[in-house]
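Per-entry structural report
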Amino acid sequence: MSARESNPALRWGVDFNRWIVPEQLEVFHAHQLLGVLDSDRGLSWDSGTGVRLYLSESWNMSLRLDVQHETQPAPGRKRTDATSMIAIGARF
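Read on for an overview of the structure. (Residues numbered from 1 in each chain as written. Predicted model: local features only at pLDDT ≥ 70, side-chain atom pairs only at ≥ 80, totals over all residues. Heavy atoms only, no water.)

In this section: the side chain of Arg52. Here Arg52 is to be found in strand β3 (residues 43-54). For Arg52, the contacting residues outside a window of four places in its chain are Asn17, Gln24, Leu25, Glu26, Phe28, Asn60, Met61 and Ser62. (Helix = DSSP H or I, 4+ residues; strand = E, 2+ residues; numbered from the N terminus. Contact = heavy atoms within 4.5 Å.)

Here it is as C-alpha cells:
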C-alpha cells in the first residue's frame with residue numbers, strides 16, 4: 001500500500017457493567033467489531049463476557065469467556081477462538 005492509498009474502516013464497540021448484588025456481584029460484557037472497507041481483510045469481532053465476585057475491598061474473583069472471530073483469518077488459523085478463564089484479582 002502506498003502512502004497515498006487509504007482504506008476506510010468501521011469500528012463498533014460496547015462496554016457494559018451491571019451490579020447484580022450491589023458492591024458484591026457484577027456482570028460485564030465488552031465487544032468490538034472492526035472492519036476495513038474496500039479490503040479483503042474482512043471483519044474482526046472481539047468480545048469478553050463474565051461475572052465478577054468481590055470478596056473484599058481488595059480482592060475479587062471472576063469467571064470469563066473471551067471470543068475472537070475473524071471472517072478472513074491468517075493462513076493456518078481458525079476463524080473463531082474462544083478462551084474461558086477463572087481469575088483472582090487484587091486492587092491496590
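Moving on, we get to the packing of aromatic side chains. One pass over the full model with this rule turns up 1 aromatic pair. Between Trp19 and Tyr54, the aromatic rings sit 5.3 Å apart at their centres with planes inclined by 50°, giving tilted as the arrangement. Taken together, the residues Trp19 in strand β1 (residues 9-21) and Tyr54 in strand β3 connect sequence positions 35 residues apart. Its relative accessible area of 35% is what places Trp19 among the partly exposed residues. (Phe/Tyr/Trp six-rings, centres within 6.5 Å; stacked < 30°, edge-to-face > 60°. Buried < 20%, exposed > 50% of the residue type's maximum accessible area, 1.4 Å probe, protein only.)

Now for the pairing of strand β2 (residues 25-36). Taken together, the 12 bridges between β1 and β2 define a ladder with antiparallel strand orientation. Its bridge partner lying in β2, Arg11 is registered against Leu34. With antiparallel pairing between neighbouring strands as the criterion, β1 and β2 make up a hairpin whose turn holds 3 residues, including Glu23 at a positive phi of roughly 65°. Direction of pairing for β2 relative to β3: antiparallel, over a ladder of 11 bridges. Its bridge partner lying in β3, Leu33 is registered against Trp45. (Pairing = 2+ DSSP bridges.)

Attention shifts here to the environment of Gln68. Following the sequence through the fold, Gln68 ends up in strand β4 (residues 59-70). The class for Gln68 is partly exposed, based on a relative accessible area of 29%. Note: C-alpha distance between Gln68 and Thr83 (15 residues apart in sequence) is 8.8 Å. The residues touching Gln68, leaving out its near neighbours within four places in the chain, are Trp45, Asp46, Arg79, Thr80 and Asp81. A polar atom in the side chain of Gln68 sits 3.3 Å from the side chain of Asp46. (Polar contact = N/O pair within 3.5 Å; in protein donor to acceptor, adjacent residues only side chain to side chain.)

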